[in-house]
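# Structural features, examined
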Amino acid sequence: MKRKLSAFLAAVLIISLFVVTAGASDAYQSGDIPIGSSNEVLMVGTIVPSIMSVTMPTYVPFHVSRTVEGDNKVISPRITMTNNSSVPVSLDVIYTAVDLSNLQGTSWATGPEVGENQIALGFQMETQANQMPSTLNQTTWLKANTQEDISIMSLTAYGSGTMYVVGTLGNAVPENNTFSVIPTFVVRQA
């Protein structure tokens, strides 16, 4: 009986030492040095706003004529937008001021379908290098003299994109007159 009791006590002693050793591994080691009175580290983060810079033209001349072949009746230069920022951006139009006062009897349409006395313009991304679009597919149409929030283009960090002015006009819209379209662009972090 003494032998069984001795073996039992030896087993309890070994298990006790194992539990104490295992529990000590979760605590400080002999070489650990506590930091501060509560052993906590204060971490402070700062949000730094990204500086967004986009280069775009301030003046884009274009011509509209029924004699232009294809659905797109606009001749426009390439409009290149360059993101000079380290973050991706989106270019949105929030308002388009349209003055058709020199085109008597003409009204604005949000294409591609226009009536006899209507005109519609928008932007289309370049799909073939250095070639104006001949169709109106994938055009982002502008609304006249009203608040809007339409995405025109997204640019990667330090990237660029090219688009054209596209549009159409009805058969009764007078030619050989000028009109103005002034979209207000907003640059947002994408």
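Residues numbered from 1 in each chain as written. Predicted model: local features only at pLDDT ≥ 70, side-chain atom pairs only at ≥ 80, totals over all residues. Heavy atoms only, no water.

So, about the environment of S107. Positionally, S107 belongs in strand β6 (residues 107-108). In this structure S107 comes out as partly exposed when scored by relative accessible area, which is 32%. For the pair formed by S107 and A144, sequence separation is 37 residues and the distance between their alpha carbons is 9.4 Å. (Helix = DSSP H or I, 4+ residues; strand = E, 2+ residues; numbered from the N terminus. Buried < 20%, exposed > 50% of the residue type's maximum accessible area, 1.4 Å probe, protein only.)

This brings us to the sheet that holds strand β11 (residues 180-189). What links the strands of a sheet is backbone hydrogen bonding, and the strands pair in either a parallel or an antiparallel sense. Sheet architecture is open: three strands sit in the order β9-β5-β11, paired in antiparallel fashion. Every other strand in the sheet has two partners, leaving β9 (147-155) and β11 as the edge strands with one partner each. Strand-to-strand twist in this sheet, taken as the mean axis angle between neighbours without regard to direction, amounts to 30°. (Pairing = 2+ DSSP bridges. Axes fitted to C-alpha atoms, helices over the stretch in contact; angles between N-to-C directions.)

A word on the nonpolar core. A general tendency of soluble globular proteins is for nonpolar side chains to be buried together. Counting 26 residues, the largest nonpolar core has W108, L121 and F179 as the members making the most contacts within it. When sequence neighbours within four positions are dropped, the list of residues in contact with F179 reads F62, V64, D99, L100, L103, I119 and L121. Counting residues in each nonpolar core, the second largest holds six residues, with A120, L136, W141 and Y164 among its members. (Core = buried A, V, L, I, M, F, W, Y, C linked by side-chain atoms within 4.5 Å. Contact = heavy atoms within 4.5 Å.)

Most of strand β7 (residues 118-125) is tucked away, with six of its eight residues classed as buried. Inspection of the sheet shows β6 paired to β7 by two bridges, in the parallel sense. Bridging across to β7, S107 finds its partner in Q118. In terms of strand pairing, β7 meets strand β10 (residues 160-169) through seven bridges, oriented antiparallel. The residue of β10 that forms the bridge with A120 is T168. Sheet topology note: the β7/strand β8 (residues 140-141) ladder contains two bridges and is antiparallel. Looking across to β8, one finds that G122 is bridged to W141.

So, on to unusual backbone geometry. Residue P112 is bonded to the preceding G111 through a cis peptide linkage, with omega at 5°. On the secondary structure map, P112 appears in the loop between β6 and β7. Here N130, not a glycine, exhibits a phi torsion of approximately 60°, which is positive. Locating N130 in the fold gives a position in the loop between β7 and β8.

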